[in-house]
Structure formats: structure tokens, C-alpha cells
Amino acid sequence: MTNKTTTTEKPTIISKVIAGLIVVGNTIKALPPIDHFIRAADRFNDRLGSQFGAAITYFSFLSLIPILMVLFAAAGFILASNQTLLTNIIDKIVAGVTDPNLANTLKQMVQTAISQRTTVGLSGLAIAFYSGISWMGNLREAVRAQTRDVWERKPEDKEHILLQYCKDLIGLTGLVAALIFTVVLTSVAGSAQATIVDALGLGGITWLRPVLTSIALTISILANYLMFLWIFWMLPRRRFNRKTLMQGTLLAAVGFEAIKFAMTFLLPKLASSPSGAAFGSIIGLMAFFYFFARLTLFCAAWIATAKENRPGYGVVAADDDTDIDTDK
């Protein structure tokens, strides 16, 4: 009799525990920040955020080729005007290669690159211009896929190809300007901070280091904020609630800083192994682009799924079938 009672009580206790966990889970999920995060994640997955992120990563990596061509041409102009530097580079190539045939081949490649620097530079600029606009077009479509009210693109959303190229050119120009500004702001702020500390003789104060680190981190996040604000303001076809736009942009800025912080630890470890020395930089660069794309698209979904940006927010039906705007 005792055994039967024990066996019938165990499922009851387990079921109560499971029911309690379900209640706790539903309560946590009902919290506004958690509920908003879940809605954003659902939209990100339903609208192929990972696939779009992979596509943006591919085009980002592909766009580096013409940029490298331009840099290679610029190096060719520098070497052509500095014969001493050119001779030193060739000597180092010859000294570092034991095979004389391979050394001669590398010397000819350097000389050919210098002689064709104008052609390589102009070709690189033309390809970089086209690939940059195409990259911006892919980023634009990916962001709009996350921010549209419906998943399908409506016929009226399709723009003339020339108008699209003009808008993508403006978007790319603004993004490059914002990126340059963020890099300059971060670099200048870091250099000025170190100069001021050294000039005041405060370098040996231990407690000052966390303060300086916090200042540098804040400046870097501010720079990231300006870049993402341009993306979320320029690319979508719709306008969002200002408060949620600012919050989503801040989320992207902090997340991007976390990605940069993580990459500073991962890249040295990738380069420590023999295979990582050969492919670590490429893998790290692709991972950086991929995480940047996923972060951008997720934050776009987060902004679009805020209750203030959902269709019909603040509008209720009255008894006479008229709409009353309650968002006051």
C-alpha cells in the first residue's frame, strides 16, 4: 500500500514542478524587454537574417579586392618615386628567398606592378566604385527586409534603377564619411588622452587607468553610434519612433564594440597555429564582417518590432467606426 502511494505522488510532484517552471518561464517571457527581444529574434529568423548576413559577408569580402588594387597602385607610385626604398625591398625579397628562379620572378612582379600602377589604380577605383554601390544595395535590401511591415516587397517599393544607384551612392558616401569620422575620432581621442596624461605626469596613477579606459570606451561607442545611426536612418523606407531608433542604434553600437573587443583576442590565437598563420587573417576578417552584418540586421529587426513602430499602434476603433489617434 505504501509503494502505491509513493508511485502516485511522484508524478504529482514532478508535474507541479514542471507547471511552476512553465509559469516562471511565461512570466519572464512576458517582461517587456524579453518579449521585445523574442519578437526581434523571431523576425530576424523568419526573414532570413542569417542568410542575408552571409550574403553581406560575401560581398564585403569581395569588395576588398578593388580596394587592395588601389592600395597596391598607391604603393607603386611611392616606390617609383623612391628608388632607395625600392632597392631595399627588392634586396629583402632576394635575401628571404633561397630559390634564385623564384627570387627573379618576384622581382619581375614588383617591377611590373610599378610600371602598371596607373592601370591597376584606375581599374581598382572603377571596380571599387561599382562594388561599393552593389554592397550598399545588398545592405539596403537586407535592412529593408527586416524593417518592412510585411515580408514580401510590394510593387510600389520597387524604384527606378538610376534612382536606386543614386540613393546607394549617397548612402555609401555617408557611410564611408561616418566610418572615417569614427576612426579619426577614436584615434585622435586616444592620442590626445595619452598626450594629456603624459604632459600632466599622471601616467603612474593606478586608479586613473580604469577611468581612462572608460573614457576611451565611451568615445569608441559614440563613434559606432554615429555610423549605425546613419544606417538605420538612411536605408529603411519608413521612419521609426525616435526613442526606439536611438535605443536600437545604441544597442548596435555597444554590440559592435563587443565584437571588436572579441576579435582582438581571437585573431592572435588564430595566427598562433601554422594553418592560422596562413588563413587566420582571412577567417577573422570574414567572421568580423559576418557578425557585423548579423548585428546590423538584428538591431534593425529590434527597432521595427518595437510596439511604437508596429502598424496600428496608438489607433483604436471607436463606436462609429472611425479611428482615433491615442498616441498623444
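Parameters and conventions
Residues numbered from 1 in each chain as written. Predicted model: local features only at pLDDT ≥ 70, side-chain atom pairs only at ≥ 80, totals over all residues. Heavy atoms only, no water. UniProt positions renumbered as here; feature names shortened; annotations may be inferred. Helix = DSSP H or I, 4+ residues; strand = E, 2+ residues; numbered from the N terminus. 1 Å grid on protein atoms, 1.4 Å probe; cavity = no way out; pocket = protein on both sides within 12 Å on 5 of 7 lines; lining within 4 Å. Points joined across faces, edges and corners; volume = space filled by probe spheres on them. Nonpolar A, V, L, I, M, F, W, Y, C, P; charged D, E, K, R; others polar. pLDDT = per-residue confidence, 0-100. Contact = heavy atoms within 4.5 Å. Salt bridge = Lys/Arg side-chain N within 4 Å of Asp/Glu carboxyl O. Buried < 20%, exposed > 50% of the residue type's maximum accessible area, 1.4 Å probe, protein only. Expected span 1.5 Å × (residues − 1). Arc of directions from axis to C-beta. Core = buried A, V, L, I, M, F, W, Y, C linked by side-chain atoms within 4.5 Å.

Looking at an unreviewed UniProt entry, one finds the chain named Inner membrane protein YhjD, with Photobacterium malacitanum as its source organism. Of the comments in the UniProt record for the chain, the one headed Subcellular location (unreviewed entry) reads "Cell membrane".

S.K.: Provide a residue-level description of the UniProt feature "transmembrane region" (unreviewed entry) in the chain, including the pertinent values.
M.R.: In the UniProt entry, the feature "transmembrane region" (unreviewed entry) is given for residues 55-80, 169-191, 211-233, 245-267 and 279-304. Counting secondary structure, residues 211-233 comes out at 100% helix and 0% strand; the distance between its end C-alpha atoms is 32 Å. Secondary structure content for residues 245-267 is 100% helix and 0% strand, while the C-alpha to C-alpha distance between its ends is 32 Å.

S.K.: Outline the layout of surface pockets, listing residues and values.
M.R.: Of the pockets and cavities examined, the largest pocket occupies roughly 970 Å³. Ile67, Trp135, Val176, Leu179 and Phe289 are, among the 29 residues lining the largest pocket, the residues nearest its centre. Of all the secondary-structure elements, those providing two or more residues to the lining of the largest pocket are helix 3 (49-80), helix 6 (117-147), helix 7 (161-200), helix 8 (208-234), helix 9 (242-272) and helix 10 (274-304). Tallying contributions element by element places helix 7 first for the lining of the largest pocket, with eight residues. Considered class by class, the residues forming the lining of the largest pocket number 21 nonpolar, seven polar and one charged. By volume, the second largest pocket is sized at about 280 Å³. Secondary-structure elements contributing two or more residues to the lining of the second largest pocket are helix 2 (32-46) and helix 9. The element contributing the most residues to the lining of the second largest pocket is helix 2, with five residues. For the lining of the second largest pocket, the class distribution of residues is four nonpolar, three polar and six charged.

S.K.: An account of the confidence of the model for the chain is needed here, citing residue identities and associated values.
M.R.: The pLDDT averaged across the chain works out to 76; a share of 74% of its residues lies at or above 70. Averaged over each element, pLDDT in the chain is lowest for strand 2 (residues 323-325) (38) and highest for helix 2 (91). Within the model, pLDDT remains below 50 along residues 4-9, and this stretch shows zero contacts once partners closer than five positions in the same chain are excluded. Taken as a whole, residues 315-328 scores under 50 in pLDDT and shows 15 contacts with residues more than four places along the chain or in a different chain.

S.K.: Tell me about the pattern of salt bridges, and name the residues and values.
M.R.: Scanning all chains against the criterion turns up five salt bridges. Residue aspartate 149 is joined to arginine 238 by a salt bridge in which the shortest nitrogen-to-oxygen separation is 2.9 Å. A residue pair is termed long-range when its members are at least 10 positions apart, and aspartate 149 in the loop between helix 6 and helix 7 and arginine 238 in the loop between helix 8 and helix 9 qualify at 89 residues. The exposure class assigned to aspartate 149 is partly exposed, which follows from its relative accessible area of 44%. When the shortest N-O distance is used, the salt bridge between lysine 260 and glutamate 257 registers 3.1 Å. With lysine 260 and glutamate 257 both in helix 9 and three residues apart, this pair spans about one turn of that helix. Where salt bridges share partners, they join Arg140, Glu141 and Asp168 into one cluster.

S.K.: Outline helix 2, supporting the account with residue identities and numerical values.
M.R.: An α-helical segment advances 3.6 residues per turn. Residues three or four places apart therefore align on the same side. The first and last C-alpha atoms of helix 2 sit 21 Å apart over 15 residues, in line with the 21 Å expected at 1.5 Å per residue. Taken together, the buried positions of helix 2 are occupied by His36, Arg39, Ala40, Arg43 and Phe44. In an axial view of helix 2, the angular spread of the buried residues amounts to 135°, which keeps them on one side of the axis. Within helix 2, the exposed residues directed more than 90 degrees away from the buried face are Asn45 and Asp46.

S.K.: Could you give an account of the nonpolar core, with specific residues and numbers?
M.R.: Considering soluble globular proteins, one finds that nonpolar side chains tend to be buried as a cluster. One finds Trp135, Phe228 and Phe232 to be the most contacted residues of the largest nonpolar core, which totals 32 residues. Broken down by secondary-structure element, the contributors of at least two residues to this core are helix 2, helix 6, helix 7, helix 8, helix 9 and helix 10. In this structure, phenylalanine 232 is in contact with Phe240, Leu245, Gly248, Thr249, Ala252, Thr296, Cys299, Ala300 and Ile303, ignoring residues within four places of it in sequence.

S.K.: Summarise unusual backbone geometry; cite the residues concerned and give the values.
M.R.: Most peptide bonds take the trans form, and the phi angle of most residues other than glycine is negative. Not every positive phi belongs to a glycine, and leucine 48 is a case in point at roughly 60°. Relative to the helices and strands, leucine 48 is located in the loop between helix 2 and helix 3. Taking the relative accessible area as the measure of exposure, leucine 48 reaches 36% and is therefore partly exposed.

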